[in-house]
Amino acid sequence: MAGNWMPTLYTCQGSRGLRATWAACEAGIDLDLQMLPFPPRFRKPDYLEINPLGTIPMLVDGDNRMTESCAIAHYLAVKSGVPELVVQPDEQDYAEYLDFTHHADATITFPQTVYLRFAKFEKDKGLEEAGHAYARWFGKRLIKVEERLDEREFLCADRFTVADICVGYALYLANRIGLAEYLNPRLVEYLDLLTNRAGFTAAIELEKAVSDETGTKPAID
Ligand SMILES: N[C@@H](CCC(=O)N[C@@H](CS)C(=O)NCC(=O)O)C(=O)O
């Protein structure tokens, strides 16, 4: 990446912010990575002054503040000048690219996080069964990605793009939070391909290195 552009990413290790860290690593962008304890609204309350939502990730680039992981991944890829990472409006799969990039968080990660809250983090509050119902719902919602990957290596345009980063993170999260049983063999193979990329490994290592340096625990152990 040319010049001394270094946007700031506030995130927690292994959270949805990994979509942004991963996109930055694929695109060769240096990030000013600020690893926060999870959840920042309780463990780092002054974060609310810059992000009243209290959520991570948040990207700060000059006057721009972004709080959606998939939008941040797309933004970094476009700004980095690595055009292959995004699908351009004049390419055949542009509509699918936008759709899968949004589908990843809005439709797939959404039930994952409700499961995580009710069946893991707040297990003692009596809503564990509701959490497991959301897990099953997550499983059903994988159908669109399964069908899309039936005869394709990547989701769009016959190459690795930000849509793969966004959906890939949801599959990676599934493995980490006990939802691996919902990934069929094709999804397992696809996830393997993604997590073996140098950009993914670099993102994992970068988040870990900065977290270790600052003594910050991961979002999910
Ligand atoms: N749609 C947003 C969701 C952001 C979000 O809810 N992040 C979670 C962590 S993965 C969070 O910050 N939860 C803690 C809280 O809301 O206090 C995105 O994709 O970035």
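Whatever comes next refers back to the structure up there.
Only a predicted model underlies this, so the values are computations on that prediction, with no experimental measurement involved.

Cut-offs applied
Residues numbered from 1 in each chain as written. Predicted model: local features only at pLDDT ≥ 70, side-chain atom pairs only at ≥ 80, totals over all residues. Heavy atoms only, no water. Helix = DSSP H or I, 4+ residues; strand = E, 2+ residues; numbered from the N terminus. Buried < 20%, exposed > 50% of the residue type's maximum accessible area, 1.4 Å probe, protein only. Near = heavy atom within 4 Å. Polar contact = N/O pair within 3.5 Å; in protein donor to acceptor, adjacent residues only side chain to side chain. Areas by Shrake-Rupley, 256 points an atom, 1.4 Å probe, with all protein chains shown as cover. Nonpolar A, V, L, I, M, F, W, Y, C, P; charged D, E, K, R; others polar. Pairing = 2+ DSSP bridges. Axes fitted to C-alpha atoms, helices over the stretch in contact; angles between N-to-C directions. Contact = heavy atoms within 4.5 Å. Salt bridge = Lys/Arg side-chain N within 4 Å of Asp/Glu carboxyl O.

Asks: How do you make sense of the overall build of the chain when you look at a structure like this?
Replies: A tally of helices and strands in the chain yields nine helices and four strands. Across the chain, helices and strands are ordered from the amino to the carboxyl terminus as β-α-β-α-β-β-α-α-α-α-α-α-α. Seen through its C-alpha atoms, the chain measures out along the principal axes to roughly 50 × 45 × 25 Å. Relative to its 221 residues, the chain shows a buried fraction of 49%.

Asks: Whenever I open this one, the site of the ligand confuses me. Can you help?
Replies: Around the ligand, the neighbouring residues are R16, F38, R41, T55, I56, P57, T67, E68, S69 and D105. I56 is positioned with one of its backbone polar atoms (N or O) 2.9 Å from a nitrogen atom of the ligand. D105 has a polar side-chain atom sitting 2.9 Å from a nitrogen atom of the ligand. Here the ligand, which alone exposes 510 Å², has 79% of that area covered by the protein. In terms of residue class, the shell around the ligand is built from three nonpolar, three polar and four charged.

Asks: What's the story with the sheet that holds strand β3 (residues 58-61) in this structure? I'm lost.
Replies: Backbone-to-backbone hydrogen bonds pair the strands of a sheet. The strands run either parallel or antiparallel. If you trace the four strands from one edge of the open sheet to the other, you get β2-β1-β3-β4, paired in mixed fashion. Strands with a single pairing partner mark the edges of an open sheet, and in this sheet they are β2 (32-35) and β4 (64-66). Direction aside, the axes of adjacent strands within the sheet are offset by 15 degrees on average. With three bridges joining them, strand β1 (residues 8-11) and β3 adopt antiparallel strand pairing. Note that in β3 the partner of Y10 across the bridge is M58. Packed on one face of the sheet, helix α9 (residues 198-214) meets β1 and β2 and runs near 60 degrees to β2.

Asks: Would you mind showing me how to read the pattern of salt bridges here?
Replies: If charged atoms from side chains of opposite charge come close, those side chains can pair. Using the criterion set out here, one finds 12 salt bridges in the structure. Here R159 and E91 are joined by a salt bridge, their closest N and O atoms 2.9 Å apart. On the criterion of sequence distance, the pair formed by R159 in the loop between α6 (143-148) and α7 (162-176) and E91 in the loop between α3 (69-80) and α4 (94-121) is long-range, its members being 68 residues apart. Between E129 and R136 there is a salt bridge, and its shortest N-O distance comes to 3.1 Å. The class of R136 is partly exposed, set by a relative accessible area of 42%. Via salt bridges that share partners, R16, R19 and D105 belong to a single interconnected network.

Asks: Looking at this structure, how should I read the environment of A180?
Replies: Within the element layout of this structure, A180 appears in the loop between α7 and α8 (185-195). With 41 residues separating them along the chain, A180 and G139 place their C-alpha atoms 9.5 Å apart. Beyond its immediate chain neighbours, meaning those up to four positions away, A180 contacts A174 and N175.

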